[in-house]
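# Observations on the three-dimensional arrangement
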Amino acid sequence: MCLRIAKIPKAERITQQALKKALKNASSKRGIERERTILLTFYKEIHSKLDRAIKSVPRIEALNTFRKELIDVLVGVRELKRILAHFNRSLRIISKLKKEYVHKLACAKDEREARKLTNEFLGRACSVIKRLEKSIELFNGYAVKLKEMPDIKPLPTLLIAGCPNVGKTTLLNRITGSKAKIASYAFTTTRLNLGYATSDAKEVQVIDTPGLLDRKIEEMNKVERKAIIALKHLANAMAFVFDPTESSYSVDSQKGLLTHIKKAFDIPIIMVISKVDIASDKQIALAKEIAEGLGLEWVLNNDSKLKARLVEFCFR
Ligand SMILES: Nc1nc2c(ncn2[C@@H]2O[C@H](COP(=O)(O)OP(=O)(O)OP(=O)(O)O)[C@@H](O)[C@H]2O)c(=O)[nH]1
Ligand SMILES: [Mg+2]
């Protein structure tokens, strides 16, 4: 589901390439027919370049909310549409010019007049393309940004949250088996860890967002907040990793973040108690108590059914 948008050559290059092709195609022709071939090939080349780029952009309305939000943050949906409209408008103008000059050529008296008409057409079409310079530059910049979109699949999705260093990535690796894939996530300066967990023929997508779901929303900048909004649309459930040993963060700060996230995300949350191998019974008991106090389910990170529990939790 990565967005791959076709880049467009610079305005000057488009016209140069189109003209080169047009002259090549017309090399075996003579007279008015030669001029007609130049005109039609030139038009076809320009049309195919722009049309390919326009068609490579998916219909924004057809995308899911997560992707729409993501596009909006990365490039701005309105801005992208404005540029596409500019391309479409230019194509229409050039198409109209083509029709007009094909007609004029058909009525041309001799080769000299035909050549004059073709040059006139080329000049006018080139100036339309030249005016696209800025839009092409912006469009190509967007193509680069959109290529960076994470390869999110339309599967039930489990988000992993928790304070820094509590064991979020360890959990992701544990339940998704193989080493998680690191996808770029242009929202933040960090990356996005993605993995897939299957249990009982059910598959879920598991996402760990380094440096994003480990602090309060008030501490975030505008872009990070938007990232949270997009993630909200995507997630079906959340695993909140809680480190009872306090080797990362104090129980109080973790409880504070959990309470905060519970309010911010209106999705089912399950507490995954981490570092169980080095935690004391008392520490584990306190973590369970906190989960239950907040009305949440919990699971130990060394539970043999950890993966099955989390996958099943996502399907509720
Ligand atoms: N003993 C023990 N150590 C663990 C466990 N889970 C994680 N750790 C250790 O805790 C440290 C942090 O683990 P990560 O999985 O990187 O934690 P994280 O929450 O992803 O960290 P950040 O992405 O930096 O916020 C590492 O040194 C892990 O080896 C566990 O179950 N037992
Ligand atoms: Mg991590």
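Residues numbered from 1 in each chain as written. Chains lettered and ligands numbered in written order. Predicted model: local features only at pLDDT ≥ 70, side-chain atom pairs only at ≥ 80, totals over all residues.

### Thoughts on the overall build of the protein chain
Quick note on the threshold: Note on conventions: DSSP H or I runs of at least 4 residues are helices, E runs of at least 2 residues are strands, and numbering of each starts at the N terminus. It is over C-alpha atoms that the radius of gyration is taken, and the globule rule equals 2.2 Å times the number of residues to the power 0.38. Residues are called buried when their C-beta atom has 20 or more other C-beta atoms within 10 Å, exposed when it has 12 or fewer, and partly exposed otherwise; all C-beta atoms are positioned from the backbone. By the convention adopted here, residues are in contact when the distance between their C-beta atoms, placed from the backbone, does not exceed 7 Å.
A count of helices and strands for the protein chain gives eleven helices and seven strands. Relative to the globule expectation of 20 Å for 316 residues, the C-alpha radius of gyration of the protein chain, 29 Å, shows a markedly less compact shape. The dimensions of the protein chain, computed from C-alpha atoms along their principal axes, are 100 × 40 × 30 Å. Every one of the 316 residues in the protein chain was classed for burial, and the buried ones make up 36%. Across the protein chain, the fraction of contacts at a sequence separation of at least 24, relative to all contacts at a separation of at least 6, is 76%.

### Re the site of ligand 1
Here is the rule we go by: All residues are tested the same way: a C-beta atom is placed from the backbone, and lying within 6 Å of a molecule or strand makes the residue near it. Gly falls in the polar group here, along with every residue not listed as nonpolar (Ala, Val, Leu, Ile, Met, Phe, Trp, Tyr, Cys, Pro) or charged (Asp, Glu, Lys, Arg).
By nearness alone, 15 residues border ligand 1, and Pro 164, Gly 167, Lys 168, Thr 169 and Thr 170 come closest of all. A per-class count over the shell around ligand 1 returns four nonpolar, seven polar and four charged.

### Considering the domain arrangement of the protein chain
Rule in force here: Boundary definitions for the domains trace back to an automatic or database domain assignment.
Looking at the protein chain, the domain boundaries give domain 1 (11-147) and domain 2 (157-314). One C-alpha centre belongs to domain 1, the other to domain 2, and the line joining them spans 49 Å. A total of six residues in the side of domain 1 that touches domain 2 trace back to one element, the largest contributor, which is helix α3 (residues 65-74). Tallied by class, the residues present in the side of domain 1 that touches domain 2 amount to four nonpolar, one polar and two charged.

### Overview of the packing of helix α2 (residues 31-56) against helix α5 (residues 111-130)
So the rule is basically this: Only the contacting stretch of a helix is used when fitting its axis, a line to C-alpha atoms as for every element, and angles between N-to-C directions run 0 to 180 degrees. Geometric relationships in this document are graded by angle, where less than 35 degrees denotes roughly parallel, more than 145 denotes roughly antiparallel, 65 to 115 denotes roughly perpendicular, and other angles denote oblique.
One way to put it is that α2 packs onto α5 with a least axis distance of 8 Å and a crossing angle of 10°. Taken as axis vectors, α2 and α5 run roughly parallel relative to one another. Within the contact between the two elements, α2 uses Gly 31, Ile 32, Glu 35, Ile 38, Leu 39, Phe 42 and Ile 46 and α5 uses Glu 111, Ala 114, Arg 115, Leu 117, Thr 118, Phe 121, Leu 122, Ala 125 and Ile 129. Tallied by class, residues from the contact of α2 with α5 come to eleven nonpolar, two polar and three charged.

### Some points on the confidence of the model for the protein chain
Under the convention used in this document: pLDDT is a per-residue confidence score from the predictor, ranging from 0 to 100.
Overall, the predicted model of the protein chain reaches an average pLDDT of 91, with 95% of residues at or above 70. Considering only residues more than four positions removed or in separate chains, one finds that residues 186-190, a stretch of pLDDT under 50, has 16 contacts.

### A word on the environment of Met 149
Along the polypeptide, Met 149 turns up in the loop between α6 (133-147) and β1 (157-161). Between the C-alpha atom of Met 149 and that of Leu 3, which follows or precedes it by 146 residues, the distance is 6.7 Å.

### Overview of helix α9 (residues 251-264)
Each full turn of the α-helix corresponds to 3.6 residues, which orients residues three or four apart in the same direction. Defined as follows: Each helix should span, by expectation, one fewer than its residue count multiplied by 1.5 Å. This arc is built from the directions going out from the helix axis to the C-beta atoms.
For α9, built from 14 residues, the straight-helix expectation of 20 Å at 1.5 Å per residue is met to within 8% by its first-to-last C-alpha distance of 20 Å. Within α9 the residues assigned to the buried category are Gln 254, Leu 257, Leu 258 and Ile 261. Summarising the axial view, the buried residues of α9 lie within an arc of 100°, below the 170-degree limit, and thus occupy one face. Exposed residues pointing more than 90 degrees away from the buried face of α9 are listed as Asp 252 and Lys 263. Buried residues along α9 sit in contact with β1 and β5 (237-242).

### Quick word on the nonpolar core
Here is the rule we go by: Here, a nonpolar core means buried Ala, Val, Leu, Ile, Met, Phe, Trp, Tyr and Cys residues linked by C-beta atoms lying within 7 Å of one another.
Ranked by size, the top nonpolar core spans 84 residues in total, and within it Met 238 and Phe 240 carry the most contacts. Each of domain 1 (11-147) and domain 2 (157-314) accounts for three or more of the residues forming this core. With near-sequence residues (within four places) excluded, Met 238 lies in contact with Leu 158, Leu 159, Ala 161, Phe 265, Ile 267 and Ile 269.

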